[in-house]
Amino acid sequence: MSVKAFELVPVVERELLMADKARVTIECLECCGKYLYVGTNDGFIHHFLLDQQTDAKGRPHFLSQKLQQKHLGLKRGVAELKAASALERLIVLCDATVYVHDMLSLEPVPPSSGGAKIKGALSFCVNENPVSADPFCVELGVISSRRRAVQIYTYTVREERVQLVKELATAGQPCALSLDGYFLCLALASQYVILNYSTGASQDLFPYDSEERKPIVKRIGREEFLLAAPGGLGMFANAEGVSQRAPVNWSESVIGAAVCFPYVVALDEGFVTVHSMLDQQLKQTLSFRDGHILQDFEGKLVLSSTKAVYMLVPLPLERQIQGLLAGNRVEEALTLTEGAQRNIPKDRFQILHKRILQQAGFIQFGQLQFLEAKEHFRKGQLDVRELISLYPLLLPAASSFARCHPPLHPFADLNQLTQGDQEKARRCKLFLISYLHEVRSGSSGSGSGSGTGTGTGDATNGFREEVDTALLKLYAEADHESLLDLLASDNACLLADSAPWLEKHHKYFALGLLYHYNGQDSSAVQLWTRVVDGELQDSTRADLYEYVVDFLSFCPDTDLVWKHADWALNRDQTIGVQIFTKRPVEGGGQGVRINPEDVLTYLQKHSHALLLYLEHLVLEQHVQKEKFHTHLALLYTERVLTLLSQPSCSDTVLAQARATLQRLLKESHLYRVQLLLGKMEGVDALLAEQATLRGRLGEHERALHILVHQLHDHAAAESYCRWASSPPRDPPSSPQDPSLGPRLFHLLLDAYLDADVPGGADNVAAVDLLNRHGNMFEASRVLAALPEGWSLQLLRPFLTAAVRKSAHAQRTAQLAAGLARAENLQLLHDRLLQRGGPVLVSEKKGCQLCHNTFSAPDCVCLPGGVPVHTHCAAQRLRDSPAKPRLDNGSDHT
C-alpha cells in the first residue's frame, strides 16, 4: 500500500550546470552540508551552494547558486567525488588517479607538488567508521587497476600526503567496494565477499552476474551493507556475513540504491521505488526518466539524470504517519513510528509514540475493535477523560477538561460515531465500563499524555472524580450489578452530578449509599424510609427495611437513631428493636453506646420491643443489674398471669410462657424475690414458681412442702434439691455450702415420711428416693428416721450402697493413714541423713588442740569432722578475738 514518504525536488537545472553544452553529462555527485559538488565527463568539478526553502503550502524547493567550477586539466571525466568535511578536503577520482583538493577553492593540495595522489585506482571509498583515532586522518579503500587487489590508504592533512597501509589480494578483480572499520565488502566479477583486512579473514556471501547487472555495495550502518542480489532482491549483510533483515524485493534493473531509514530507495531506468525496511513493502513509486545516479549524503538523498540534479526530500515523519492513520492503516503507522525510534531524540519519540498509539486506539474504537483499542490506550497512556468526553453528560459539569489539540479523533461524540445505532452505542458503553473498571483497579496504565491535568501517580492519574462519576452513571443507566460495589468501596463520585442521575434512573438505594459516603446519613435514611413506605419505587433490595434497621444500629449519630426509631418499631417491633440490641451495652465494640436506661424508658410504649431488649440485656449480655433482672421477671410474670386470665389460651402457649419464667427464676439471682412473691401470692397455678422463689429466700422446707404436699410432684421436688444445691452460673459473693445438697435430700425424705399431713406419709416415694439417691444420705440418720415396721428387703439397694460406701470410706481412711505413716518415716530417714555419720573416738586417738589422748567419749567436732576435747574447744573460743562460726554439718557429739 502506498504512502507519500518523499518529494522529488529539482536542485540544479541543466541550464545552470552546463548551459548549452549538449555533450556534457554528469558522472558523479557529492553533497556536504549546503555544498553540492558535481563531476562531469569533460573533467570539470562544479561547486554549488544550496538553500532549501518552503513555500506557502509547505512544499520544499531549492535555491542553487553556482560558486565556482574547476577543470582538472585532464581529458577524462571525473569518476568519483568524496568530501572529508572535517578536513575541508575533496577527494577526486579522475583518469585512474585519486587526487585531494581543497573543498572551497577546489585547488589541489599541496599545490607545490600538484597534490597528493594515488595512481592506478579503479574506484575508492572513504571509511566512515575509521579505525584510527586521529581526527586529522582519512582512511580510504581503493580498488587497484594494476592487479587483483584492494589497497588501504590513509591521508593525513598535517602532512598532506597519502600512505599505503595494507594491500589485500583478491580472488577476482573487484568492481565495487565499501569500507566499514576493518571490514571490506567487495563485489567481484561473480561473487560478493566480506574481508577483514586486519586478520585477512574472508567470508563469501552470494553469487551474482556482473555482465547482467551493475553490482551495488552500500554501507548503511555500522558493519552492515546493502547489496543487489539476483532475482531483483536487495539483500542486507553484516560483517559476519549474516542477514539480520528480510530482503527487499525491488526491480531487476536497479542501477542505484540508498537508505534513508526506515526506507530503502532504489533507482532503475524509469522509476524511483521506496520500500520499508520494517515490513519490506513497497510504499512509494516516483516516475524518473533517464535515471543515472542515486546517492545518500548525511541523510540527504540526491539523484540525477545525465543533465540535472534532484533531491528526494523526505516528508516529516509525523506527516507520513498521519497519512497512514488517515487511511486507517494503524499497524503500518505504528510500525513506522517504532522503526524510526533510533532517529528521534528519546523525549520527542516518547511524546510522538504515545500520541500515535492514542490515535490508533480511537481509530480501532470507531471500528468497534475494542480489545485492540484498549491495548493502544493503555500503551499510549491515554488521558481517560479523552475517552469519557465522547459520551454525552458523563464528564462532571465542574470538570475543567479540554480535549487535546490537535484532536486525537474526528468524532464529536458517541452519537456521531454510532449514527443512531443503539446496539453499537450499547457495545461502546460496555467497553467504556470495562476500560474504566481496569483503569480504576490499576490494571491499565492509563496516563495523561493528552490531557490538561497532571497525574498524581495513582491508576487514574488524579482524575478519580471523573472516572468514578462516569462509572456510576454508566452503571446506573445499564442497571449494572457493580453499582453498589462502587458505592460501597472507596470512591470519588461527585454528589452534585451523581444524585440527579441516580434519581433519574430510580436508583434510590444507591443514592442513599452515596449520601452516606458523603457524610449525609440523615438524607440517606430519609430516602430509604420513603422507599420502604412505598413513596418511591426501587426494587434494588427487597430487605431494605432490615437494611435500614441494621444501618441505624451502627449509626454513630444518636439523634438520627432516636428520630427514626419510632418508624422502625411501629413497622415491626421484633426487627426494629435490633436498632438497640445490636449496639454495645458497655464501652468498646462497633457503634456508639446508648445508655440502656434511656432505651428502657423509650421502649415503655413498645411492650414487645421492651421485653426483647430486656432479654438481650439479661440473657445475652448478662448485665448484672438487679433493676433489669427484676423488670424482666415482672414482665414474664405479668405475661403468665395474663394468659391465665384468658380462658381461650392454649396449654402449649401457657406452658412455654411458664417455662421461660421458671428458667429465669432459676438462672438469675439478682431479682427482687419478695416483689415477685407478692405478685404470685394466692395464685395456685404458680405454685412451682413460688417454690423456686422460696428457695431463693432459703426457705427450702417450705418450698419442698409446696412441691410434695401441694403439687404432689416428686420429680420436681428432686429437681429442686439438685438445683438448689448446685453452684450458681453467676456465683454470688459467698461460696456455696457443700453440705446443702445432703441437707435438702434429708428434708425431702422427712417430707415424704411426714404422717401429719393430709394423705399421710408417702412410703413408696421415700423408698424410691433412698434407692436412687442413696449417696446423698447419711445411713445412720436415715435408719433412725425410718419406721420400725419397714422391711429391710425394700431398702436393700439403699443399705447395700450404704454398707459399700461405709466400707469404702473405712478402707480409704486406712490407706490414707498408712500413706501418712510411710511419708513420716521417710521424712525421719531424710532428717538423719542430714545430721551426718558417727564420730569415732578411742584412747589411742589424740586431740588436735592439746595432742593428749581421749579418756572419755565426750568430744567436740571441728569442721571436717576432727574430734577435740570439749574443754580445749571452749578454751579456744575464749581466746579467739572473734568467735568463729563452725560450718560443720554435724551438730552432735
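Structure shown above.
**Q** Break down the overall build of the chain for me, citing the residues and quoting the values.
**A** Secondary structure summary: the chain contains 30 helices and 30 strands in total. In terms of overall size, the chain is more extended than a compact globule, its C-alpha atoms giving a radius of gyration of 58 Å where 893 residues would be expected to give roughly 29 Å. Taking the principal axes of the C-alpha coordinates as reference, the chain spans close to 165 × 120 × 60 Å. Taking as baseline every contact in the chain between residues at least 6 positions apart, the subset at least 24 positions apart corresponds to 50%. In the chain, 89 positive and 102 negative side-chain charges are present, and the distance between their average locations comes to 5 Å.

**Q** Quick rundown of the nonpolar core? Include the residues and the values.
**A** In this structure, Phe 365, Phe 377, Leu 387, Tyr 391, Leu 436, Phe 580 and Leu 603 are the most contacted members of the largest nonpolar core, which totals 108 residues. Setting aside residues no more than four positions away along its own chain, Leu 436 makes contact with Val 384, Ile 388, Val 467, Ala 470, Leu 471 and Leu 474.

**Q** How would you sum up the sheet that holds strand E25 (residues 282-287)? Please name residues and give values.
**A** Spatially, E22-E23-E24-E25 is the arrangement adopted by the four strands of the open sheet, whose pairing is antiparallel. The strands lining the two open edges of the sheet, one partner per strand, are strand E22 (256-260) and E25. Adjacent strand axes in the sheet meet at a mean angle of 20° when their direction is disregarded. Note: strand E24 (residues 271-276) against E25, five bridges, orientation antiparallel. Within the sheet, the bridge partner assigned to Val 272 lies in E25 and is Leu 286.

**Q** Tell me about the packing of aromatic side chains, and please be specific about residues and values.
**A** For any pair of aromatic rings, the description consists of the separation of the ring centres together with the inter-plane angle of the planes. Taken as a whole, this structure holds 22 aromatic pairs when the rule is applied. Seen in terms of ring centroids, Phe 370 and Phe 431 are 4.9 Å apart; in terms of plane orientation they differ by 15°. Their pairing is stacked. Note that Phe 370 is positioned in helix H5 (residues 370-379) and Phe 431 in helix H8 (residues 422-441), a separation of 61 residues in sequence. Relative to Trp 567, the ring of Tyr 545 lies with its centre 5.7 Å away and its plane at 65°, an arrangement referred to as edge-to-face. A residue pair is termed long-range when its members are at least 10 positions apart, and Tyr 545 in helix H14 (residues 544-553) and Trp 567 in helix H15 (residues 558-571) qualify at 22 residues. Residue Trp 567 is classed as buried on the basis of its relative accessible area, which comes to 18%. Each residue in the set Phe 362, Phe 365, Phe 370, Phe 377, Phe 431 and Tyr 435 is aromatic and connected to the rest through ring pairs, giving one cluster. Here the guanidinium or amino end of Arg 245 rests over the ring plane of Phe 236, the centre of that ring lying 5.9 Å away.

**Q** Can you lay out the environment of Pro 314 for me, pointing to particular residues and giving the numbers?
**A** When you line up the elements, Pro 314 lands in strand E28 (residues 309-314). Pro 314 gets classed as partly exposed once you look at its relative accessible area, which sits at 37%. Separated by 178 residues in sequence, Pro 314 and Phe 136 have C-alpha atoms that sit 33 Å apart. Not counting residues within four places of it along the chain, the set of residues in contact with Pro 314 comprises Ala 5 and Phe 6.

**Q** So what about helix H26 (residues 740-753)? Which residues, and what values?
**A** A rise of 1.5 Å per residue sets the reference length of H26, with its 14 residues, at 20 Å; its end C-alpha atoms lie 20 Å apart and thus fit the reference within 8%. With ten of its 14 residues buried, H26 lies for the most part within the structure. Among all positions of H26, only Leu 740, Gly 741, Leu 744, Phe 745, His 746, Leu 748, Leu 749, Ala 751, Tyr 752 and Leu 753 are buried. Contacts made by the buried residues of H26 are with helix H24 (700-710), helix H25 (714-725), helix H27 (763-772) and helix H28 (779-785).

**Q** Would you mind going over the pairing of strand E8 (residues 97-102) in detail, with residue names and values included?
**A** Within E8, six of the six residues are buried, which leaves the element mostly enclosed by the surrounding structure. Here E8 shows no split at all, with Thr 97, Tyr 99 and His 101 on one side and Val 98, Val 100 and Asp 102 on the other all buried. Across six bridges, the pairing between strand E7 (residues 89-94) and E8 is antiparallel. Within the sheet, the bridge partner assigned to Leu 90 lies in E8 and is His 101.

**Q** An account of the packing of H5 against H8 is needed here, citing residue identities and associated values.
**A** Viewed as axis vectors pointing N to C, H5 and H8 meet at an angle of 35°, and their least axial separation amounts to 11 Å. For the pair H5 and H8, the crossing hand works out as right-handed. Of the residues in H8, those touching H5 at Phe 370, Lys 374, Phe 377 and Arg 378 are Arg 427, Cys 428, Phe 431, Ser 434, Tyr 435 and Glu 438. Here the contact of H5 with H8 is composed, by residue class, of five nonpolar, one polar and four charged.

**Q** Before we move on, could you go through helix H4 (residues 346-366) and cite the residues and values that matter?
**A** For H4, spanning 21 residues, the distance from its first C-alpha to its last is 30 Å, which sits close to the expected 30 Å at 1.5 Å a residue. Burial within H4 is extensive, with 15 of its 21 residues counted as buried.

**Q** Any chance you could break down the pairing of strand E18 (residues 217-221) for me, citing the residues and the numbers?
**A** With respect to burial, E18 is a largely interior element, four of its five residues being buried. Both E18 and strand E19 (residues 224-229) contribute to a ladder of four bridges, which runs antiparallel. Bridge assignment links Gly 221 to a residue of E19, and that residue is Glu 224. Hairpin connection between E18 and E19: a loop of two residues separates the two successive antiparallel strands, and Glu 223 in this loop has a positive phi of roughly 55°.

**Q** Describe in detail the environment of Leu 799, supporting the description with residues and values.
**A** Positionally, Leu 799 belongs in helix H29 (residues 796-835). With relative accessibility at 21%, the residue Leu 799 sits in the partly exposed group.

**Q** Can you tell me about unusual backbone geometry, naming the residues and giving the values?
**A** Geometrically, the link from Phe 261 to Pro 262 is a cis peptide bond, its omega value of 10° lying close to zero. Note on placement: Pro 262 falls in the loop between E22 and strand E23 (263-267). Residue Pro 406 follows His 405 across a cis peptide bond; omega there is 0°. Summarising the element assignment, Pro 406 is placed in the loop between helix H6 (384-388) and helix H7 (414-418). The backbone of Asp 479 shows a phi angle near 55°, a positive value even though the residue is not glycine.

**Q** Which residues make up the packing of helix H22 (residues 673-680) against helix H23 (residues 687-696), and what are the values?
**A** As a packed pair, H22 and H23 sit with axes 10 Å apart at the nearest point and diverge in direction by 155°. If you check the angle between H22 and H23, you find them roughly antiparallel. Judged by the sense of rotation from one axis to the other, the crossing of H22 with H23 is left-handed. Along its contact with H22, which presents Val 673, Leu 676, Leu 677 and Met 680, the element H23 presents Glu 689, Gln 690, Leu 693, Arg 694 and Arg 696. For the contact of H22 with H23, a count of residues per class yields five nonpolar, one polar and three charged.

**Q** Could you give an account of the pattern of salt bridges, with specific residues and numbers?
**A** Inspection of the entire model under this criterion finds 39 salt bridges. Put simply, Arg 385 and Glu 466 hold a salt bridge, and the shortest N to O gap is 3.9 Å. Taken together, the residues span a long stretch of sequence, with Arg 385 in helix H6 and Glu 466 in helix H9 (residues 464-478) at a distance of 81 residues. Here Arg 385 and Glu 466 have matching classes, each one buried. Arg 426 serves as the salt-bridge partner of Glu 423, at 2.7 Å between the closest nitrogen and oxygen. Here Glu 423 pairs with Arg 426, and both are found in helix H8, just three residues apart, close to one helical turn. Overlapping salt bridges bring together Asp 279, Lys 283, Arg 329 and Glu 332 as one network.

Criteria and thresholds
Residues numbered from 1 in each chain as written. Predicted model: local features only at pLDDT ≥ 70, side-chain atom pairs only at ≥ 80, totals over all residues. Heavy atoms only, no water. Helix = DSSP H or I, 4+ residues; strand = E, 2+ residues; numbered from the N terminus. Rg over C-alpha atoms; globule rule 2.2 N^0.38 Å. Contact = heavy atoms within 4.5 Å. Lys, Arg positive; Asp, Glu negative; His and termini not counted. Charge placed at Lys NZ, Arg CZ, Asp CG, Glu CD. Core = buried A, V, L, I, M, F, W, Y, C linked by side-chain atoms within 4.5 Å. Buried < 20%, exposed > 50% of the residue type's maximum accessible area, 1.4 Å probe, protein only. Pairing = 2+ DSSP bridges. Axes fitted to C-alpha atoms, helices over the stretch in contact; angles between N-to-C directions. Phe/Tyr/Trp six-rings, centres within 6.5 Å; stacked < 30°, edge-to-face > 60°. Lys NZ or Arg CZ within 6 Å of the ring centre and 35° of its normal. Expected span 1.5 Å × (residues − 1). Left-handed = near helix turned anticlockwise from the far one by under 90°. Nonpolar A, V, L, I, M, F, W, Y, C, P; charged D, E, K, R; others polar. Parallel < 35°, antiparallel > 145°, perpendicular 65-115°, else oblique. Salt bridge = Lys/Arg side-chain N within 4 Å of Asp/Glu carboxyl O.

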